[in-house]
Amino acid sequence: MGHSDPQVEQALQPFWMPFTPNKEFKQEPKMFTRAEGMYFYTPEGQKVIDASSGLFCVAAGHCRPEIAEAVYKQLQTLDFTAPFLRAQPKAFELATRVAEFTPKGMDRVFFTNSGSEAVDTAMKMALMYHRSKGQAQRQIFISRERAYHGVNMGGVALSGMVNNRRAFGVGLAGVYHMRHTALAENKFAKGQPEHGADLADDLQRFCALLGGENIAAVFVEPAAGSFGCLPPPKGYLNKLRQICDQHGILLVFDEVITGWGRMGANFGAQAFGVTPDLMTMAKAITNGAQPMGAVAAKREVYDTITNAGPAAGVEFFHGYTYSAHPASCAAGLAMMDIFTKEKLIERAAALSPYFIEGVHSLRDLPIVTDIRSIGLMAAVDVAVDGAPGVRGHEAQKRLYDAGLNLKSTGDALIMAPPFIAEKSHIDEIINKMRDVLSRL
Ligand SMILES: Cc1ncc(COP(=O)(O)O)c(C=O)c1O
């Protein structure tokens, strides 16, 4: 669908695109001008099925009128108020609704505008929590290879993806990385793999090396998403929890992708039966219709920080101009209604086995080297051709031309359909994958 009209190319220059090969895109633009339900539409009118929920965002499908109307009404009523020293009722309502979905006791909610901001907020909460307890020496963070925790400097320090780190090295001290869990023995596992729980012992080794009393928090995605769907080995997260408890370290789940039903339960925490101390979220909280992220904290974390603060003064010097923006809160509340009324998370759980079987049916293709899957998320690895990532990028472009939108990372093709998908939509996604991959 590409073109190389110099005039069009020129007109596209001013927008510096994020995480995109700008030169290539501007010669071969791939645009959407409309979306509805499971589909995007290109300016030429081509229908493209959305196999990645935009970017793990539109769990309820595109262009939900309930959300659009709620945002419109909000912007006509109260467009903005500062979130510092002033507030608006929907912020409190949404925090209460969010806490109905989080694990019991994780009912203090801080709003941000993105997942990246939620991650950096959680890092600062962890430091502040320990300082409030008289343990300001806890400054070290533990993360994991292949992790993605957004693009702000804190999250980049936690990152385990080399391209996201290598150019930004200064200031990334104080973070140590556990090994990733993508083991060869786990190839083609459906759901949580059998091998690798002992990789959590890396945390114990860092405690022995650095002193557990110096570690503030451990950050993990319950199932790594952006790198290409790495579900946690059975028992792995429980072990991390155990070691954190032993050393007084906070456990943080970055649930920006795994939250809001993607794993077939409210959050990864419930899907895997392990409760963290802090949990980040974003994306599907508003169905992607307004920018919003959040950190859910255990009540003890909030109480410790708040009670240690002055009797009359700010306790936590952190926040964004657009924290709990009225339009985002309105979108979030409309989305909470959709989750409840349509039993959307139960629907995702019910569709998961069909989706997983479908994705694994691609295993016979010679180009496919691994498939990983859990809930309504899966990644298909294609064999490296020349440099890593070249074939994955090519596959993603050809899939778009064939009418299928998905996210690729390196040579992993990542699928995460909206929860409103019917079995026929899953079939359409799998058929298009088979068709394109068998010709690649
Ligand atoms: C686990 C995780 N954390 C953080 C982020 C960053 O979120 P955002 O792009 O909204 O800043 C992402 C984005 O995909 C993510 O997957």
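Attention here is on the structure that accompanies the text. Keep in mind it's a predicted model, so treat the numbers as computed, not measured. Note that residues are indexed from 1 along each chain, following the sequence as it is written. Per-residue local features are limited, in this predicted model, to residues with pLDDT of at least 70; the limit for side-chain atom pairs, both in listing and counting, is 80 or more; totals at the level of whole chains, interfaces and linings are taken over all residues.

**Points about the nonpolar core**
- Note on terminology: a nonpolar core is a set of buried residues of type Ala, Val, Leu, Ile, Met, Phe, Trp, Tyr or Cys, with members joined through C-beta atoms within 7 Å. Partly exposed residues are those whose C-beta has more than 12 but fewer than 20 other C-beta atoms within 10 Å; with 20 or more the residue is buried, with 12 or fewer it is exposed, and the C-beta atoms are placed from the backbone. Among the nonpolar cores identified, the biggest contains 130 residues, and Val-218 and Ala-294 are the most heavily contacted of them.
- Secondary structure counts use DSSP, requiring at least four H or I residues in a row for a helix and at least two E residues in a row for a strand, with both numbered from the N terminus. At 10 residues, the largest contribution of residues to this core is made by helix 13 (residues 326–341).

**Structural notes on unusual backbone geometry**
- We note that Leu-85 has phi near 65°; this positive angle belongs to a residue other than glycine.
- Inspection of the secondary structure puts Leu-85 in the loop between helix 4 (65–77) and helix 5 (89–99).
- Classification of Leu-85 as exposed rests on a count of 7 C-beta atoms within 10 Å.
- Backbone geometry places Trp-260, a non-glycine residue, at a positive phi of 60°.
- One can find Trp-260 in the loop between strand 8 (250–254) and helix 11 (268–272).

**Focus: helix 10 (residues 236–247)**
- To estimate how far a helix should extend, the number of its residues minus one is multiplied by 1.5 Å. Between the first and last C-alpha of helix 10 there are 17 Å, a value that for 12 residues agrees with the 16 Å anticipated at 1.5 Å per step.
- Restricting attention to buried positions, one finds in helix 10 the residues Tyr-236, Leu-237, Leu-240, Ile-243 and Cys-244. Summarising the axial view, the buried residues of helix 10 lie within an arc of 125°, below the 170-degree limit, and thus occupy one face. Facing away from the buried side of helix 10 by over 90 degrees, the exposed positions are Asp-245 and Gln-246.
- C-beta atoms are placed from the backbone for every residue, and two residues are taken to be in contact when these atoms lie within 7 Å. On its buried face, helix 10 is in contact with helix 9 (201–210), strand 7 (215–220), strand 8 and helix 11.
- Just downstream of helix 10, Gly-248 is the residue with a positive phi angle, here 70°. The directions considered for the arc are those from the helix axis to the C-beta atoms.

**Describing the packing of helix 15 (residues 390–401) against helix 16 (residues 423–438)**
- What counts as an axis is a line fitted to C-alpha atoms, over the stretch in contact for a helix, and the angles between N-to-C directions run from 0 to 180 degrees. The N-to-C vectors of helix 15 and helix 16 enclose an angle of 125°; their axes lie 10 Å apart at closest approach. Viewed along their axes, helix 15 and helix 16 adopt a mutual orientation that is oblique. Both helix 15 and helix 16 take part in a crossing whose hand is right-handed. On helix 16, the residues touching Ala-395, Arg-398 and Leu-399 of helix 15 are Lys-432, Val-436 and Leu-437. Convention used here: angles under 35 degrees read as roughly parallel, angles over 145 as roughly antiparallel, angles from 65 to 115 as roughly perpendicular, and any remaining angle as oblique. Whether a crossing is left-handed or right-handed is set by the direction in which the near helix is turned from the far one by less than a right angle, anticlockwise for left-handed and clockwise for right-handed.

**So, the sheet that holds strand 1 (residues 34–36)**
- In this scheme, strands are said to pair when DSSP sees at least two bridges between them. On the basis of which strands lie adjacent, the open sheet formed by 4 strands has the order 1-2-3-13 and mixed pairing. Looking at strand neighbours, the two that pair on one side only are strand 1 and strand 13 (404–405), the edges of this open sheet.
- As defined by bridge partners, strand 1 adjoins strand 2 (residues 39–41) across 3 bridges and the pair is classed as antiparallel. In the sheet register, Ala-35 faces strand 2, and the bridge partner there is Phe-40.

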